[in-house]
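# Commentary on secondary and tertiary structure
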Amino acid sequence: MQCDSAHCGIIDLLISTMLGHTISLLQHKWCCSLETNHGSVAPISFTSKLQYPKQQQLLVPNNGGVMSTTSFGSTIQCPKQLLVPNDHEELLYLKHKKNLMEARGLFYEAKTQFDVMLAIDLLQKLDIDYHFTDEIDAAIESLYNKRSNILCGETNNFVEVTLLFRLLRQARYPISSDVFHRFSDDGGEFMPSLTENIDGMISLFEASNLNTGENILRKANIFATDYLKSSMAYMEPDSVKCIQQTLDHPYHMSLQRYKARQYLKHQRREEGWKRVIQELARTDFVLIQSLHRKELNEITCWWKNLGLAQELRFARDQSVKWYTWSMTILPNPKFSNYRIALTKVISFIYLLDDIYDVSGSLDELHLFTKAINEWEISAIDSLPFYMRICYMALYNTTNEITQMWIALCNAFMVEAKWFAHSHVPMADDYMRNGTSSCGVPVVLMHIFFLLGQGLTHDNVNLMESYPKLISSPAKILRLWDDLGSAKDEKQNGFDGSYLECFMKENPYCSGQGARDHVMLMISKAWEELNRECFFYSSSFSQDFVLACLNMARMVKVMYTYDDEQKLPLLEECINLLLLGKV
């Protein structure tokens with residue numbers, strides 16, 4: 001059966017736009033290659049002349065630039081004053097270039113190892129460290145080679161030890177958490193005198209979140225957290241805000257750009273070299289924000305012109321939310337085209353999720369899953385009309401990476417059968433299936449190849465084996481999603497919950513006990529992810545490792561619902577990163 005002309009037009013448009021900047025579609029399923037620059041991607045110029053369509057502006061908050069809706073759809077608009085005119089953007093770029101030159105010079109003026117560490121830490125906190133990759137790499141190597149000067153120095157250099165540990169470990173240098181035993185008493189507990197240094201306690205808390213399963217770091221986290229919480233009762237309001245932000249959003253477990261925006265928001269204007277760094281961060285933020293708005297505009301136009309939201313009324317229409325995933329997972333400006341391509345992939349995951357959870361009957365889902373597994377164009381003949389639209393679009397745009405999509409649909413189908421037959425699976429069975437149905441493996445596989453890994457048989461096998469660098473973020477997402485008491489806006493379907501499975505197997509466990517168990521599982525998954533990132537990720541590029549970390553970091557933002565079934569953290573993230581002024 002053939003599509004009518006209107007729907008063929010939708011499909012043709014999708015074929016011409018989907019992944020057009022990054023993926024060369026070749027016919028054979030595995031004997032093909034992805035045409036990228038194999039990691040040598042040219043940076044995107046801040047002054048690239050991307051134009052907005054005349055009929056649509058990017059984003060129009062209802063109260064002075066602050067988002068007041070949780071739909072995250074393409075109907076959100078942005079006031080004209082938030083868009084950066086091209087001539088103003090040119091001036092910003094010149095100012096940015098001047099600030100960058102000044103900051104680069106100041107970087108070499110650091111006199112001591114501690115000065116170097118503080119400079120690196122500030123650049124990372126302000127999310128401008130990507131401008132200084134060579135300088136930071138050289139400095140970190142020097143710090144590692146001379147680490148004994150600090151690690152074997154005086155016992156009162158608490159801040160230096162904790163900061164050095166965090167900088168070296170997050171840079172994947174082999175450093176043992178045994179360095180913290182020097183700050184423990186004979187009973188193995190941290191010495192109470194350490195609490196006299198508030199900066200040291202904050203630094204210890206941040207370092208403790210790089211745990212790969214070490215007991216000393218678990219103790220450090222409890223010790224620092226308890227002290228920081230109790231100390232807020234005696235602090236000024238501004239200091240309380242700072243401490244609460246640190247506890248709620250630890251640096252390693254949070255989005256770097258979000259933390260940078262918060263840092264700029266709450267920090268006072270500095271003097272001297274810190275002022276230069278701050279000014280660089282502000283201009284950098286404005287220019288990247290402008291680039292992100294242009295990318296989002298391209299996505300919203302693509303989604304609107306595609307017409308799937310109009311044809312498939314049951315599906316979520318949330319292009320802003322989908323783009324926010326890509327914006328935070330691949331933050332470097334040079335990945336502009338990749339963010340656009342990835343957002344299109346993510347939109348299909350949400351669309352498939354809605355088909356399986358909301359719209360399709362079990363018989364229809366059997367047909368759809370069978371068609372996906374066969375992956376032949378003739379398979380559309382047996383499908384209902386609305387499923388043909390989705391199948392054809394998916395078929396024509398991702399023909400070279402089919403197996404992950406097949407695994408995703410098969411996992412969705414398993415959940416659909418469980419629900420249709422009122423079957424609550426064993427918790428372990430649910431998690432094995434849930435790490436596929438959450439969509440993380442599909443997203444990260446696309447990122448893996450977008451970042452320059454050839455589509456070879458070995459690389460495909462590596463990704464299909466679900467390495468822990470992929471399965472750990474998938475577990476974190478699956479469990480955080482299941483902790484939510486509310487479902488996604490406008491989504492009335494049901495696909496199960498780990499909590500339900502766990503409580504069926506443990507009938508004497510309370511609801512809070514089950515939630516505590518899930519939080520422990522999330523902590524263990526983070527430790528597993530940390531081990532992979534810091535010790536066992538040599539087969540992967542640093543950009544891919546960062547993408548996997550950012551995927552896990554974004555989960556809490558995407559799946560923390562309030563009592564009104566809204567997503568306050570996501571709303572805040574969008575307001576700060578896409579709408580807010582610095």
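So, here is what we can say about the structure in this document. These numbers were taken from a predicted model, which means no experiment stands behind them.

### Focus on the overall build of the chain
Tallying secondary structure elements over the chain gives 25 helices and 0 strands in all. Total accessible area computed for the chain in this model is approximately 25,100 Å², and 52% of it derives from carbon and sulfur atoms.

### Things to note about the packing of aromatic side chains
The final tally for this structure, using the stated rule, is 21 aromatic pairs. Members of the aromatic cluster, connected to one another through ring pairs, are Trp302, Trp303, Trp322 and Tyr350. Positioned above the aromatic ring of Tyr144, the side-chain terminus of Arg147 is 4.0 Å from the ring centre. The ring of Phe285 carries Arg261 above its face, with NZ or CZ at 5.6 Å from the centroid.

### A few points about a nonpolar patch on the surface
Together, Leu91, Tyr93 and Leu94 make up a nonpolar patch on the protein surface, roughly 300 Å² of accessible area in all. When you line up the elements, Leu91 lands in helix α2 (residues 86-107). The class of Leu91 is exposed, set by a relative accessible area of 57%.

### Concerning the packing of helix α23 (residues 511-535) against helix α24 (residues 542-559)
Where α23 contacts α24, the axes come no closer than 10 Å and their chain directions differ by 165 degrees. Here α24 runs roughly antiparallel to α23, going by the angle between their axes. Between α23 and α24 lies a crossing of left-handed hand. Two secondary-structure elements touch here, α23 through Trp526, Leu529, Asn530 and Cys533 and α24 through Val545, Cys548, Leu549, Ala552 and Arg553. In terms of residue class, the contact of α23 with α24 is made up of 7 nonpolar, 1 polar and 1 charged.

### With respect to the nonpolar core
Judged by nonpolar contacts, the single largest core of 119 residues is most densely connected at Trp325, Phe368, Tyr391, Ile447 and Phe544. Aside from chain neighbours lying at most four places away, what touches Ile447 is Ile329, Leu330, Leu342, Phe544 and Ala547. By size, the runner-up hydrophobic cluster in this structure holds 51 residues, among which are Ala103, Phe107, Ala139 and Tyr144.

### Looking at the pattern of salt bridges
Summed over the entire model, instances satisfying the criterion amount to 17 salt bridges. Between Lys98 and Glu102 there is a salt bridge, with the nearest N and O atoms lying 2.7 Å from each other. One end of the pair, Lys98, and the other, Glu102, are both in helix α2, 4 residues apart, so they sit about a helical turn from each other. A salt bridge links Glu564 to Lys566; the nearest nitrogen and oxygen atoms lie 3.6 Å apart. A relative accessible area of 33% places Lys566 in the partly exposed class.

### Thoughts on the side chain of Thr300
Relative to the assigned elements, Thr300 resides in helix α11 (residues 273-306). Of the polar contacts made by the side chain of Thr300, one reaches the backbone oxygen of Asn297; its length is 2.9 Å.

### As for the environment of Met503
Considering the arrangement of structural elements, one finds Met503 in helix α22 (residues 498-505). The partly exposed category is assigned to Met503, whose relative accessible area is 32%. Considered as a pair, Met503 and Arg515 are 12 residues apart in the sequence and their alpha carbons are 9.9 Å apart. Other than its neighbours up to four places away in sequence, Met503 contacts Cys509, Ser510, Gly511 and Ala514.

Conventions we followed
- Residues numbered from 1 in each chain as written.
- Predicted model: local features only at pLDDT ≥ 70, side-chain atom pairs only at ≥ 80, totals over all residues.
- Heavy atoms only, no water.
- Helix = DSSP H or I, 4+ residues; strand = E, 2+ residues; numbered from the N terminus.
- Areas by Shrake-Rupley, 256 points an atom, 1.4 Å probe, with all protein chains shown as cover.
- Phe/Tyr/Trp six-rings, centres within 6.5 Å; stacked < 30°, edge-to-face > 60°.
- Lys NZ or Arg CZ within 6 Å of the ring centre and 35° of its normal.
- Patch = residues over 30% accessible without salt bridge, like charges linked within 9 Å, V, L, I, M, F, W, Y side chains within 5 Å.
- Salt bridge = Lys/Arg side-chain N within 4 Å of Asp/Glu carboxyl O.
- Buried < 20%, exposed > 50% of the residue type's maximum accessible area, 1.4 Å probe, protein only.
- Axes fitted to C-alpha atoms, helices over the stretch in contact; angles between N-to-C directions.
- Parallel < 35°, antiparallel > 145°, perpendicular 65-115°, else oblique.
- Left-handed = near helix turned anticlockwise from the far one by under 90°.
- Contact = heavy atoms within 4.5 Å.
- Nonpolar A, V, L, I, M, F, W, Y, C, P; charged D, E, K, R; others polar.
- Core = buried A, V, L, I, M, F, W, Y, C linked by side-chain atoms within 4.5 Å.
- Polar contact = N/O pair within 3.5 Å; in protein donor to acceptor, adjacent residues only side chain to side chain.

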